Amino acid sequence: GSPTASGYDSLASKLAVLAGAVVLAIDYPLVPVGNFSSILALSLGALQWLDGHGPGGAPCHQPGLAPLLVAGDSSGGGSAAALMLQVGAE
């Protein structure tokens, strides 16, 4: 769902400050506009974008950088888990 409308933008900001990390909150279409496949594809695209926009434009998965945390709640948690399963399978 929308990070702004649901209040997750505030949570993401707090997490960024507390963890000293960059936090990317994805705005994805909810059902019935979006479906599981489209949400997973959008999430994978966001992860790929993030990977290409690390420090100095370098990939985010290079050694020495902070680990990546992927999370969600409710159906977003299922989407986060499915995303990591897909990435791990590739």
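One can find the structure itself at the top, above this paragraph.
Calculation criteria
- Residues numbered from 1 in each chain as written.
- Predicted model: local features only at pLDDT ≥ 70, side-chain atom pairs only at ≥ 80, totals over all residues.
- Heavy atoms only, no water.
- Helix = DSSP H or I, 4+ residues; strand = E, 2+ residues; numbered from the N terminus.
- Expected span 1.5 Å × (residues − 1).
- Buried < 20%, exposed > 50% of the residue type's maximum accessible area, 1.4 Å probe, protein only.
- Arc of directions from axis to C-beta.
- Contact = heavy atoms within 4.5 Å.

Enquirer: I'm lost on helix α3 (residues 75-89) in this one. Help?
Expert: Relative to the 21 Å expected for 15 residues at 1.5 Å per residue, α3 spans 21 Å between its end C-alpha atoms, a close match to the ideal helical length. What α3 keeps buried is the set G76, S79, A80, A82 and L83. Looking straight down α3, one finds its buried side chains confined to an arc of 165 degrees; they lie on one side. Residues of α3 that are exposed and point over 90 degrees away from its buried face: L85, G88 and A89. Summarising the contacts, the buried residues of α3 are in contact with α2 (36-51).

Enquirer: Just to check I follow, could you spell out the environment of L44 for this structure?
Expert: Within the secondary structure layout, L44 lies in helix α2. Its relative accessible area of 14% is what places L44 among the buried residues. On a C-alpha basis, the gap between L44 and V87 in space is 8.1 Å, while along the polypeptide they are 43 residues apart. If we ignore the near neighbours within four places in the chain, the residues touching L44 are L83, Q86, V87 and E90.

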